Amino acid sequence: MNREHSKRYNPEDMQTKIEGKNCIVTGANSGIGYATAEGLASRGANVYMVCRSKERGEAARSKIQSITGNENVYLEVCDLSSVNEIKSFTSRFTSKDVPINVLVNNAGLLEHNRITTSAGTRHELNFAVNVLGTYTMTELMLPLLEKAAPDSRVITVSSGGMYTTPLTEDLQFSRGNFDGVEQYARNKRIQIALTEKWAETYKDKGIGFYSMHPGWAETPGVANSLPGFSKSLSGKLRTSEQGADTVIWLALMRKEKLLSGAFYFDRVEAPKHLKFAATGGSHAAAMDSIINNLRSLSSLSSFNETQQ
């Protein structure tokens, strides 16, 4: 945690109780997702953990129940790299008719090699989880989020890695030599632009959309994906709990104190572009084309169309 930043934190912001509010956290069995799920459960929320592995998910769920004393923690098994599995999960979940107050898009992947998903249409794996999975999950959860409006919000865990790259329409890194780290950065830039687009498109739905950078945290994901980076900064990286701090803060804050479409770091709005990085101006121009592409790949009509 940045000590300078944390000096200005208001401790009361994190003392809000959210008993009975329904929260979905993807990728919730380890790292920032686990810390987020535990933090929300400790404040009384009904937490739905979306995990790929039933075994790891069950272990994490029972640990959170034990630590927080909150029995209302549930496991939903879904592989976020598969559009079909996301559709199956959201269909099952929608039949419960549970209004969703908070959707945390945390599940993420940094795979260094070009790997394509195996089921049905083959998509590059980083893109499938980080972008297409996030897009599909959010779009399909919009009706349940609208049921909880005006208190509902979507929080997408992005990364400062996105500062290195502009928005690109080459979603699956089809051109040039594949670079997993660059693809991850591209994916994270798209998440920021998607959040902006959702905020604009659904501004009348009473749903807030926020993206955030957790800082560099010592999580299993970082250790597996960037072992050299993780090892060289051992003991200097943030804990998962520190990485999850701004996610939980965004879930608890009154919406009038937040800006929909904004990008947050250490509980304040952060710039989306660095000076001289030549990434500015790339969002609006490319997003309509990217959204159309995502809609086509996920076979979704827009939420607006389905509501008419």
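Placed above this text is the structure.
An account of the accompanying structure is given in this report. (Residues numbered from 1 in each chain as written. Predicted model: local features only at pLDDT ≥ 70, side-chain atom pairs only at ≥ 80, totals over all residues. Heavy atoms only, no water.)

Thoughts on the overall build of the chain
Logical step 1: Within the chain, the secondary structure is distributed over 11 helices and eight strands.
Logical step 2: Put simply, the chain has 308 residues, and 55% of those count as buried.
Logical step 3: The contacts of the chain with a sequence gap of at least 6 include a subset with a gap of at least 24, amounting to 74%. (Helix = DSSP H or I, 4+ residues; strand = E, 2+ residues; numbered from the N terminus. Buried < 20%, exposed > 50% of the residue type's maximum accessible area, 1.4 Å probe, protein only. Contact = heavy atoms within 4.5 Å.)

Details of helix α2 (residues 31-42)
Logical step 1: With 12 residues, α2 should cover 16 Å at 1.5 Å per step; its first-to-last C-alpha distance of 17 Å lies within 8% of that length.
Logical step 2: Summarising burial for α2: 10 of the 12 residues are buried, a large majority.
Logical step 3: All of the buried residues in α2 are Gly31, Ile32, Gly33, Tyr34, Ala35, Thr36, Ala37, Gly39, Leu40 and Ala41. (Expected span 1.5 Å × (residues − 1).)

Description of the pairing of strand β1 (residues 22-26)
Logical step 1: In terms of residue burial, β1 counts as a mostly covered element, since five of its five residues are buried.
Logical step 2: Burial along β1 is two-sided: Asn22, Ile24 and Thr26 facing one way and Cys23 and Val25 facing the other are all buried.
Logical step 3: Relative to strand β2 (residues 46-51), β1 is paired through five bridges, and the arrangement is parallel. Across the sheet, Cys23 pairs through a bridge with Val47, a residue of β2.
Logical step 4: Considered for its hand, the β-α-β crossover made up of β1, α2 and β2 is right-handed.
Logical step 5: By the bridge criterion, three bridges tie β1 to strand β4 (residues 102-105) in an arrangement that is parallel. Residue pairing in the sheet places Ile24 in a bridge with Leu103 of β4. (Pairing = 2+ DSSP bridges. Right-handed = clockwise from strand over helix to strand, strands pointing away.)

Some remarks on the environment of Arg92
Logical step 1: Position of Arg92 among the secondary structure elements: in helix α4 (residues 83-95).
Logical step 2: Through-space distance from the C-alpha of Arg92 to that of Glu76 is 9.9 Å; in sequence the pair is 16 residues apart.
Logical step 3: Sequence-distant contacts of Arg92, that is, excluding residues within four places in its chain, are made with Glu76 and Val77.

With respect to the packing of aromatic side chains
Logical step 1: All chains considered together, the criterion is met by nine aromatic pairs.
Logical step 2: Summarising the aromatic geometry, the rings of Tyr210 and Tyr264 are spaced 6.3 Å apart at their centres and angled 70° between planes, so their arrangement reads as edge-to-face. Separated by 54 residues along the polypeptide, Tyr210 in strand β6 (residues 207-213) and Tyr264 in strand β7 (residues 263-265) bring together distant segments of the chain. Across this residue pair, the class does not change: Tyr210 and Tyr264 are buried.
Logical step 3: Through a chain of ring-to-ring contacts, the aromatic side chains of Tyr48, Tyr74, Phe89 and Phe93 assemble into a single cluster.
Logical step 4: Over the ring of Phe173 we find Arg186; its NZ or CZ atom is 4.0 Å from the centre of that ring.
Logical step 5: The cationic tip of Arg267 hangs over the ring face of Tyr9; the distance from NZ or CZ to the ring centre is 3.8 Å. (Phe/Tyr/Trp six-rings, centres within 6.5 Å; stacked < 30°, edge-to-face > 60°. Lys NZ or Arg CZ within 6 Å of the ring centre and 35° of its normal.)

Focus: the sheet that holds β7
Logical step 1: Pairing within the open sheet is mixed, and its eight strands lie in the order β3-β2-β1-β4-β5-β6-β7-β8. Edge positions in the sheet fall to β3 (73-77) and β8 (268-269), since each has one partner strand and no second.
Logical step 2: Where α2 meets the sheet, its contacts fall on β1, β2, β3 and β4, and the angle it forms with β1 comes to roughly 170°.
Logical step 3: Along the sheet, helix α5 (residues 125-147) makes contact with β1, β2, β4, β5 (152-157) and β6, crossing β4 at roughly 175°. (Axes fitted to C-alpha atoms, helices over the stretch in contact; angles between N-to-C directions.)

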